[in-house]
Amino acid sequence: MPTWVITVTYLLLCLALILGFFRLVRGPSLPDRVVALELIASITVGLIIVYAIHHGMPYFIDVALVLALTGFMAAVGFARYLERGGSRHE
Amino acid sequence: MSEFFTAFFLLVGAGFVLIGALGVVRMPDLMLRMHTTTKAGALGGGLIAVAAAFHFPETGVIVRSVAILAFVVLTAPIAAHIIGRAAYFVGVPLWEKTLKDELKERLDTKGHQLYSQKLDERADGEQTDSHGH
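Once a new chain begins, its residue numbering starts again from 1 and follows that chain's sequence as written. Chains and ligands are labelled by the order in which they are written, letters from A for the one and numbers from 1 for the other. Residue-level local features of this predicted model are given only where pLDDT is at least 70; pairs of side-chain atoms are given and counted only at 80 or more, and the full residue set underlies all totals for whole chains, interfaces and linings. Values shown for side chains rest on all heavy atoms present in the structure; no hydrogens or waters enter the calculation.

Chemist: Got a minute to help me understand the packing of helix α1 (residues 3–26) of chain A against helix α2 (residues 30–55) of chain A in this structure?
Modeler: Describing two packed helices takes the angle between their axes plus the distance from one axis to the other. Residue and element names in this part refer to chain A. Only the stretch in contact is used when fitting a helix axis, every axis being a line fitted to C-alpha atoms; angles between N-to-C directions are given from 0 to 180 degrees. Secondary structure elements follow DSSP: runs of H or I of four or more residues count as helices, runs of E of two or more count as strands, with numbering from the N terminus. In the contact formed by α1 and α2, the axes pass within 9 Å of each other and the chain directions differ by 160 degrees. Comparing their axes, α2 and α1 come out roughly antiparallel. Crossing of α1 against α2: the hand is left-handed. The cut-offs work like this: below 35 degrees is roughly parallel, past 145 is roughly antiparallel, 65 to 115 is roughly perpendicular, and the gaps in between are oblique. In a left-handed crossing the near helix is turned counterclockwise from the far helix by less than a right angle, and in a right-handed crossing that turn is clockwise.

Rendered as structure tokens:
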């Protein structure tokens with residue numbers, strides 16, 4: 001596999017991370033930020049897998065698996081908080 | 001040959017994730033933003049997991065990659081549904097060019113009840129026992 005593939009993948013994922021962070025800062029409502037956080041979690045899963053492929057260490061795939069689980073739990077928690085009457089402007 | 005598949009799935013997956021992130025920035029509305037992250041973002045993450053399965057030809061890694069793929073594909077719609085539901089109850093505004101909002105006339109956001117009749121018709125029919133909770 002040519003090395004530029006890994007580089008280009010890192011670049012694309014980092015660009016996506018910056019765009020997601022822009023929406024996380026910008027808002028305007030709390031559910032928008034939750035959606036941005038979920039996207040950032042899935043981008044981070046991708047970055048960990050690309051790092052594992054780059055360095056030839058398959059152990060990091062476990063980390064990606066756990067992170068995917070945690071991101072889903074965070075989304076469910078935020079949604080419960082919103083439905084139980086949290087404020088939406090923060 | 002497996003190197004080719006690894007490179008292909010890595011690039012395509014990262015491209016889909018980037019498209020999803022671009023949609024999160026560019027879309028005008030919470031529901032439209034969720035639509036890009038749920039479809040393009042989840043597909044991109046799953047494709048990157050498939051690339052790992054092609055790169056490490058061991059049983060354990062392949063099982064974990066398939067687990068990540070299945071988990072991402074299964075949980076993305078559930079998370080989108082939960083967040084969208086909560087956001088609708090909270091009252092996040094829709095895009096001003098939205099053409100139709102059928103939930104608006106059928107969903108009692110105070111009592112968290114969805115009716116098959118429209119709310120105003122239902123209130124006409126049951127003057128005595130409307131919104132029991």
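Chemist: It is not clear to me how a nonpolar patch on the surface should be interpreted in this structure. Could you clarify?
Modeler: Two joining distances apply to patches: 9 Å for like charges and 5 Å for nonpolar side chains (Val, Leu, Ile, Met, Phe, Trp, Tyr), and every residue must have over 30% relative accessible area and no salt bridge. Surface exposure here means Shrake-Rupley accessible area, sampled with a 1.4 Å probe, where a residue is shielded only by the protein chains that are shown. We define a salt bridge as a contact between a side-chain nitrogen of Lys or Arg and a carboxyl oxygen of Asp or Glu at a distance within 4 Å. Nonpolar side chains collect at one region of the surface, where Met1, Phe4 and Phe8 of chain B lie side by side and expose about 380 Å² of accessible area between them. Along the polypeptide, phenylalanine 4 of chain B turns up in helix α1 (residues 2–26).

Chemist: Just to check I follow, could you spell out helix α3 (residues 59–90) of chain B for this structure?
Modeler: Note on helix geometry: an α-helix contains 3.6 residues per turn, so any two residues three or four positions apart are oriented the same way. Residue and element names in this part refer to chain B. In this scheme, a helix's expected span is set at 1.5 Å multiplied by one less than its residue total. Its 32 residues give α3 an end-to-end C-alpha distance of 46 Å, which sits within 8% of 46 Å, the value for a rise of 1.5 Å per residue. Here the bend at a residue means the angle between the axes of two seven-residue stretches, the one that ends at it and the one that starts at it. Maximal helix bending in α3 amounts to about 25 degrees, located at threonine 75; proline proline 77 follows within four positions. The first or second residue beyond α3 is glycine 91, which carries a positive phi of 100 degrees.

Chemist: Explain the interface of chain A and chain B to me, please; I cannot follow it from the model alone.
Modeler: In many analyses, interface size is given as the accessible surface area lost on bringing the parts together. Contacts between the two partners involve 45 residues from chain A and, on the opposite side, 45 residues from chain B. As a working definition, buried area equals the accessible area (1.4 Å probe) given up by two parts on being put together, with both sides summed. For the pair chain A and chain B, the summed buried area comes to about 3,900 Å², and 81% of that belongs to carbon and sulfur atoms. Between the two partners, chain A and chain B, sit three salt bridges. Where aspartate 32 of chain A meets arginine 33 of chain B, a salt bridge forms, and the shortest distance between an N and an O atom there is 2.4 Å. Any N or O atom pair separated by 3.5 Å or less is treated as a polar contact, with the protein-specific requirement of one donor-capable and one acceptor-capable atom, and with residues adjacent in sequence counted only for side-chain atom pairs. The tally of links between chain A and chain B comes to five residue pairs in polar contact (both at pLDDT 80 or more). The set of elements that each furnish at least two residues to the side of chain A that touches chain B consists of α1, α2 and α3 (60–83) of chain A. Ranked by residues supplied to the side of chain A that touches chain B, first place goes to α2 of chain A with 13 residues. All amino acids are sorted into three groups, where Ala, Val, Leu, Ile, Met, Phe, Trp, Tyr, Cys and Pro are nonpolar, Asp, Glu, Lys and Arg are charged, and the leftover types, Gly among them, are polar. When its residues are assigned to classes, the side of chain A that touches chain B shows 33 nonpolar, six polar and six charged. Contact definition: two residues touch when any of their heavy atoms are within 4.5 Å.

Chemist: Explanation requested: the domain arrangement of chain B in the structure shown.
Modeler: Residues and elements named next belong to chain B. What counts as a domain boundary in this text is fixed by an automatic or database domain assignment. Domain assignment breaks chain B into domain 1 (2–95) and domain 2 (100–133). On the side of domain 2, seven residues touch domain 1, which itself brings four residues to the contact. Carbon and sulfur atoms make up 70% of the surface buried where domain 1 meets domain 2, a total of about 460 Å² over both sides. For the domain 1 face of the interface with domain 2, the top three residues by lost area are Tyr88, Phe89 and Leu94, together amounting to 94%. Where domain 1 packs against domain 2, one counts zero salt bridges. Its residues assigned to classes, the side of domain 1 that touches domain 2 shows three nonpolar, no polar and one charged.

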